[in-house]
Amino acid sequence: MTRLGWRGAPKGVPLLLWRFLSSRFFRFGLVGVIGFIIDSSVLYAALPLLGRYGGKLMSLLVAATTAWMLNRTITFRGVMHGSLVRQWALYLMANSAGASLNYGAFAILTALVPLCFHHPILPQAAGALCGMGANFTLSKRIVFRQA
């Protein structure tokens, strides 16, 4: 029976590939994909009520809350500190830099590129990529740091 973990890759899977697939950054990326789907779904649902910019603010909050819950249980499991409300607020504050990059890219592309204005998913994807690195680094160092 093969042990699944950092050191023991399943038979036929190169160790370097297994280390990447089992890394926190990869799991963070998977959570990010789910967050992107939620962010985009909420944005499109909110467009008629709140417009592009208000809808984006709402979608960021919903996606960030979902990403926090998933990162807490999947990416950084076993690294829990403090109350849920405190950790959620800390997550939102720590990831505000990534959210700012995300929202900024979305707003600039929406305002300046007609294709992006007509297809909000394009600046949505660009914004998500812009914020990912900052969000991972700040989540790891501030919110889910080892005691």
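Remember, it's a predicted structure, so these values are computed and weren't measured experimentally.

Points about the packing of aromatic side chains
One pass over the structure, following the stated rule, counts 6 aromatic pairs. Relative to phenylalanine 136, the ring of phenylalanine 76 lies with its centre 6.4 Å away and its plane at 25°, an arrangement referred to as stacked. Placement of phenylalanine 76 in the loop between helix H2 (24–75) and helix H3 (84–94) and of phenylalanine 136 in helix H6 (residues 121–143) is noted, with a sequence separation of 60 residues between them. Here phenylalanine 76 matches phenylalanine 136 in class, with each residue buried. Following the ring pairs from residue to residue traces out a cluster consisting of Phe25, Phe28, Phe76, Tyr91, Phe136 and Phe144.

Some words on the side chain of arginine 27
By the secondary structure assignment, arginine 27 is in helix H2. Despite being buried, arginine 27 has no salt bridge partner; aspartate 39 is the closest side chain of opposite charge, sitting 21 Å away. In this structure arginine 27 touches Ser22, Ile74, Thr75 and Arg77, once residues within four positions along its chain are discounted.

Some thoughts on helix H4 (residues 96–112)
With 17 residues, H4 extends 24 Å between its outermost C-alpha atoms, agreeing within 8% with the 24 Å of an ideal straight helix rising 1.5 Å per residue. In this structure, the buried side of H4 is in contact with H2, helix H5 (114–118) and H6.

Reading the values: the criteria
- Residues numbered from 1 in each chain as written.
- Predicted model: local features only at pLDDT ≥ 70, side-chain atom pairs only at ≥ 80, totals over all residues.
- Heavy atoms only, no water.
- Phe/Tyr/Trp six-rings, centres within 6.5 Å; stacked < 30°, edge-to-face > 60°.
- Helix = DSSP H or I, 4+ residues; strand = E, 2+ residues; numbered from the N terminus.
- Buried < 20%, exposed > 50% of the residue type's maximum accessible area, 1.4 Å probe, protein only.
- Lys, Arg positive; Asp, Glu negative; His and termini not counted.
- Salt bridge = Lys/Arg side-chain N within 4 Å of Asp/Glu carboxyl O.
- Contact = heavy atoms within 4.5 Å.
- Expected span 1.5 Å × (residues − 1).

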